[in-house]
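Read off the chains here:
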Amino acid sequence: MSDTHTPTPSTRPALEVDVVMRREPVDGPMARWQPWRWVLADVLLHATPDETNLLDADTEHEPQAVEPVNAAGADPRASHWLFPRHRVELFRDDAEGYYLNLSSPNPCFWVFWRADDERLLDGEPMAVPQIVTLSYHDAGRWLDAQERVDQVPAPDEVVDWLRAFVDTTYVPEPKKRKRPESFKPLTDRFGNPVRISTDKRRGPPPGA
């Protein structure tokens, strides 16, 4: 009997990304109350859709300290933390949300993150990504709920993959038919409704 485990293929289109969060110092008067802040630094493609289909989902996302790509221009006081293998799935019933993302000047990833008291850095909670999405609707719901949401541009290959999905699933809602002008209620010059009689006129025509 073989011990080889074959992951169950996902039923939805999906890819995996690594999320990089940056902890940077706060300068100026605000530093008295908040010496550090967390921001989204980047979202990196970890596995293509074909590769993701062969992987078991990762639920831990253990952070790893990493160096920024452009280390020469980085603040030496800042630190970068990579949270690996967040799965981004596409849902057919949210095709409009992906369409709205593609319709924007810069299609992007949105990352919903929270401060996690279970993961500490220098005694303070780390910023831990919760969900990564390509849906405009998802991001809007999170923001309405006062959650922390940041965004970064999506790479071209992800945009092309998303567009292929939208092209096959998104059906715009039909526009409501405008009521013809002739069906508007008639009014006189004072705005009062006008009654139109359909009875046949009796007697000689006017001016006879």
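Placed above this text is the structure.
Sequence order as written defines residue numbering, which begins from 1 separately in each chain. Under the rules for a predicted model, residues below a pLDDT of 70 receive no local features and side-chain atom pairs below 80 are neither given nor counted, while totals for whole chains, interfaces and linings still include all residues. The basis for every side-chain value is the complete set of non-hydrogen atoms in the structure, without hydrogens or water.

(A) Inspection of the environment of E96 at higher detail. For the purposes of this entry, the term helix denotes a DSSP run of H or I that reaches at least four residues, the term strand denotes a run of E that reaches at least two, and both are numbered from the N terminus. Looking at the element boundaries, E96 is found in helix α2 (residues 95-102). The buried label applies to any residue whose accessible area, calculated with a 1.4 Å probe on protein chains only, is under 20% of its type's maximum; exposed applies above 50%, and partly exposed to all values in between. The class for E96 is partly exposed, based on a relative accessible area of 36%. The spacing of E96 and V171 is 75 residues in sequence and 8.1 Å in space, taken between C-alpha atoms. What E96 contacts, discounting residues up to four positions off in sequence, is H137 and Y170. Whether two residues are in contact is decided by their heavy atoms: any pair within 4.5 Å suffices.

(B) The arrangement of the sheet that holds strand β2 (residues 36-47) in detail. Across the sheet, four strands lie side by side as β2-β1-β4-β3; this open sheet has antiparallel pairing. Two strands bound the open sheet, and with one partner strand each, they are β2 and β3 (64-66). When strand polarity is set aside, the average angle formed by the axes of neighbouring strands in this sheet is 35°. In this description, strands pair whenever DSSP reports at least two bridges between them. Direction of pairing for strand β1 (residues 14-25) relative to strand β4 (residues 79-89): antiparallel, over a ladder of nine bridges. Residue pairing across strands places R22 opposite H80, the latter belonging to β4. Sheet contacts for helix α4 (residues 156-169): β1, β2 and β4; angle to β1, the most-contacted strand, approximately 135°. Helix axes are fitted to C-alpha atoms over the stretch in contact, other axes to C-alpha atoms as well, and angles between N-to-C directions run from 0 to 180 degrees.

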